[in-house]
Structures are given as C-alpha cells and as structure tokens.
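# Fold and geometry: a report
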Amino acid sequence: MSTPMTQEGSTDKNFQGTNYQQQEYVTKRTFGQKAKRHCARFWWLHLIIFCLVFLTVALLVVYVGMPKIAQHQVDDSHLEFREAFFLNPTPESVEVTQKAVLHNPSTFTPTLDPFAADLFLVTAGTYASVSMLTLPMPGIHAKKATNASIDNQVIKINNVDALGDYAVAVMNNENITTALVGRTKLHLGKLPTQKIKFNSTSTYKTLNSLKGFNTTDVLINPLADAGTPNLSGNAFIPNPSLMTIEMGNVSLTLSVPIKNVDTIVGNATILNFKLVPGDNKLPMFGIIDNTKVLPALVGGKVNMTIIGQNATYNGQHLTYYEKALRSNVLVLEMNVQQILADSTAAARAASNSTSTAT
C-alpha cells in the first residue's frame, strides 16, 4: 500500500516541476510587437492626433507665415521710374503722369489691389516728415516686370513746403531718391487675402543744377524805349532727367559784380517755360541797363549772375517752383563786346532789309 502512495507523490512533484519549467520559458513580446498591437488597437487615436498636428501647422503657415512671406515678397520688389510729367500746375495741385515698372524677383505672381501711396522725399536714407503728394497706384499683377503707371491725374498737394523741398532737390542734385508708401491687399491664388504695407524707394536722375546752361543769339537793342525790352535771345537748358516740368512764365534777375558787389542790372523772362528731357532752347527777352554793365567789363566780358525769381501759371504764383528757382545760382561769362557787335550788325541788316522793301 505504501509503494503506490510514494509513486503518486513522486508523480505530483514531477508534474509541478513541469509546469514551472513551462512558465519560465514562455516567449516575451518585443517592443515592435507591442507597438504594432498598440497601433492596431488605437489607430483611430493616432489619426486624430496627426490630423490635429497637421491642421495646427497648416493654420500657422497660412495665418502666421503667409503674411510674413507676402510682406517679404513686396519688400523685395522695387519701382523703376521711366518717365514723369508735372503739368498744368496750380498753387494747390499738379497734373501727374508717372511711367513706372514694378520689378518682382519672386517666382510668385501676386496681385495688389489699387491703393493710395504717399510720395516722400528721401534724403540720406531719411524720409521727409510729411508727404508732398498722394498718388493713386493702379492694381498690379506683379510679374517679373509689370506696368505700374498713372496717367494724367490731377493730384492735390499735401504740403507745399514738402513739394518745395522736393523741387529744390530736383533742381540742385544729379540724382534724388523718393519713396512711395501705402497699404493695400495682396491676393495669391486660393490663399487668404493678405494686408501688406507697400514701401518702395526709387532713385533717378534730376536737373543737376542746370549744368551746361548757356545763352545763344543774344542781342541788345540800344534804341528801345525806356522800360521796354531791349534784350533778346535764347536760353539753352540741358535736362539730363526723364522729367517733363511745366512752370509757366519764369522771370530771372541779372546781376554783375561792380566793385566786388553783385549789382542787379536787369531781368529776363522766359514765357511758357517747359523743360523736356534732353536739350531745351527757350526764347527769352528782358530789360538790361547798359550803363551799369559797361563799367563792369573786363576785356569786353563780364560774369553775369542769373537767378530765377518768379514762376506764374495762369497768373498764379507757384511758390514751390519759385523756391527751387531761387536756390540755384547760375554764373555765365558774357562776351558783351561780341553781343554789341552782333546787335549792330543785326540792326544794320534789318535797316537794309526795310530800305530794300520800300
């Protein structure tokens, strides 16, 4: 009876040992298996997280990144002036035509809405404190080079002093810089409309102090009645800029050094003064006091100082142009002896012509 019991106990022990060994050698799951099982169970949660992250990034790009990108693209563009016309001036306004091209270096071709742009003079990188004019800029589809012109717009003067400073800069410098500043909306495909600031500077040639100014065909009529014009000729004025400027009737003072003091000896007038690009030959007439000029001659010549004084258009003074005219002092050597000889010859020829006709 004891022997079977012993065998039965031995069998139980072996069975327990076998279970122990089986539990000890069960294969553990790898990290990859666990991750795969996790994704299989919670794929929907990961999809939601991915969509939220993607949506957040997209919104940041569209509503934070795009405005900065759009502004950067506008800042990289620049405006090139090719022609400018300032016509029909009044004390309060001027008719402006501006031929300009907007250069866009970007591969994007956005569209800018029409907008009002303030025009500022820029001196040594500093903008004037106030704008002189506000120009109506057209809508622009900004390709590599896009027309950005305005034509025959009557523009109200924002500040006469600012426009006068601009006219002085145009008169006395070889080149000047101006800036157009405004705000508009930018459109690019299906993307949301962006509000941007337009601030573009341009540098262009100006009148360079009228260097090369001269007079031609100058004659003096000694028989003219007192107070009537006795001086005639042509003013030669080079214009190296691309600007056409209409000033109306312009008057100038003429002075010569008498005992080392500049003394006014007469005046000259140019009617319908209009400068166009290139060389200009404008008729002039005036009154000169020969009795003051003759004592100032040295070798038959005299250095005459010519300064613009008044600019009137339709009977109205244009103070902004007068400021520019008075800022520029021209000194011209006049061969008075030759002028008198030419005048005598011209008078004799006119007399002979009259006698022949009679």
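This is a predicted model, so every value here is computed, not measured.

A few words now on the overall build of the chain. The secondary structure content of the chain amounts to six helices and 19 strands. In the chain, which comprises 358 residues, the share counted as buried stands at 37%. Restricting the contact set of the chain to residue pairs at least 6 apart, pairs at least 24 apart contribute 69%.

What follows covers helix α3 (residues 160-172). With 13 residues, α3 ought to run about 18 Å at 1.5 Å a step, and its terminal C-alpha atoms sit 18 Å apart, in line with that. Listed as buried for α3 are A162, L163, G164, Y166, A167, A169, V170 and M171. The inward-facing, buried residues of α3 contact β1 (78-87), β4 (115-123), β10 (175-187), β11 (194-205), β14 (243-258) and α5 (319-327). The distance from a side-chain oxygen at the start of α3 to the backbone nitrogen of D161 is 3.1 Å, and the residue carrying that oxygen is N159.

Counted according to the given criterion, the structure contains six salt bridges. Among the salt bridges present, the one from D151 reaches K99, with a minimum N-O distance of 2.6 Å. Taken as a pair, D151 in strand β9 (residues 150-156) and K99 in strand β2 (residues 93-103) lie far apart in primary sequence, 52 residues in all.

Next up on the list: α5. Of all the residues in α5, the buried ones are Y320, Y321, E322, A324 and L325. Against β1, β2, α3, β14, β17 (301-313) and β18 (316-317) lie the buried residues of α5.

When pLDDT is averaged across the chain, the result is 84; 78% of the residues are at 70 or more. Low pLDDT (under 50) marks residues 1-11, which in the prediction has zero contacts with non-local residues, meaning those over four places away or in another chain. Note on residues 57-66: pLDDT under 50 across the span, and 10 contacts to partners over four residues away in sequence or across chains.

With that out of the way, let us pick up the pairing of β2. Along β2, 10 of the 11 residues are buried, which leaves the element largely enclosed by surrounding structure. Across nine bridges, β1 lies against β2 in antiparallel orientation. Counted as the bridge partner of L79 is L102 from β2. Between β1 and β2, which pair antiparallel and follow one another directly, the connecting turn spans five residues, one of which, N88, has a positive phi of 45°. Note: β2 against β9, five bridges, orientation antiparallel.

Within this structure, the stated rule accounts for five aromatic pairs. Between F86 and Y166 the ring centres are 6.3 Å apart and the planes differ by 55°, which places this aromatic pair in the tilted class. One end of the pair, F86, is in strand β1; the other, Y166, is in helix α3, with 80 residues separating them in the sequence. Y166 shares its class with F86; the two are buried.

This part covers the packing of α3 against α5. Contact pair α3 / α5: the axes reach a minimum separation of 8 Å and the direction vectors enclose 35°. Our pair here, α3 against α5, has a crossing hand that is right-handed. Along its contact with α3, which presents V160, D161, L163, G164, D165, A167, V168, M171 and N172, the element α5 presents T319, Y320, Y321, K323, A324, L325 and S327.

We now examine the nonpolar core. Generally speaking, nonpolar side chains in soluble globular proteins are found buried as a group. Of all hydrophobic cores here, the largest spans 77 residues; its most connected members are F86, L133, Y166, L180 and Y321. Ignoring anything within four residues of it in the chain, the contact list for L180 reads L79, F81, Q98, A117, D118, L119, L135, M137, F198, N199 and S200.

This part covers the side chain of T215. Structurally, T215 can be placed in strand β12 (residues 214-220). For T215, a relative accessible area of 14% corresponds to the buried category. Residues within four places of T215 in sequence aside, it is in contact with N234, M284, L332 and M334.

Turning our eyes to something else, we now look at unusual backbone geometry. Negative phi values dominate among residues other than glycine, just as trans dominates among peptide bonds. Positive phi, close to 55°, is recorded for L210, a residue that is not glycine. The residue L210 is located in the loop between β11 and β12 in this model. The buried category is assigned to L210, whose relative accessible area is 8%. With a phi close to 50°, N272 is a non-glycine residue in the positive phi region. By the element assignment, N272 lies in strand β15 (residues 261-275).

Moving on, we come to the environment of N221. Along the chain, the position of N221 falls in the loop between β12 and β13 (231-239). The partly exposed category is assigned to N221, whose relative accessible area is 38%. Of note is the side chain of N221, whose polar atom sits 3.0 Å from the backbone nitrogen of L223.

Let us now look at the pairing of β11. Side-chain alternation along β11 places Q194, I196, F198, S200, S202 and Y204 on a buried face and K195, K197, N199, T201, T203 and K205 on a face that remains uncovered. When β10 meets β11, the two strands line up antiparallel, connected through 12 bridges. Within the sheet, the bridge partner assigned to L186 lies in β11 and is Q194. Joining the antiparallel neighbours β10 and β11 is a turn of six residues, in which G189 adopts a positive phi near 60°.

Criteria and thresholds
Residues numbered from 1 in each chain as written. Predicted model: local features only at pLDDT ≥ 70, side-chain atom pairs only at ≥ 80, totals over all residues. Heavy atoms only, no water. Helix = DSSP H or I, 4+ residues; strand = E, 2+ residues; numbered from the N terminus. Buried < 20%, exposed > 50% of the residue type's maximum accessible area, 1.4 Å probe, protein only. Contact = heavy atoms within 4.5 Å. Expected span 1.5 Å × (residues − 1). Polar contact = N/O pair within 3.5 Å; in protein donor to acceptor, adjacent residues only side chain to side chain. Salt bridge = Lys/Arg side-chain N within 4 Å of Asp/Glu carboxyl O. pLDDT = per-residue confidence, 0-100. Pairing = 2+ DSSP bridges. Phe/Tyr/Trp six-rings, centres within 6.5 Å; stacked < 30°, edge-to-face > 60°. Axes fitted to C-alpha atoms, helices over the stretch in contact; angles between N-to-C directions. Left-handed = near helix turned anticlockwise from the far one by under 90°. Core = buried A, V, L, I, M, F, W, Y, C linked by side-chain atoms within 4.5 Å.

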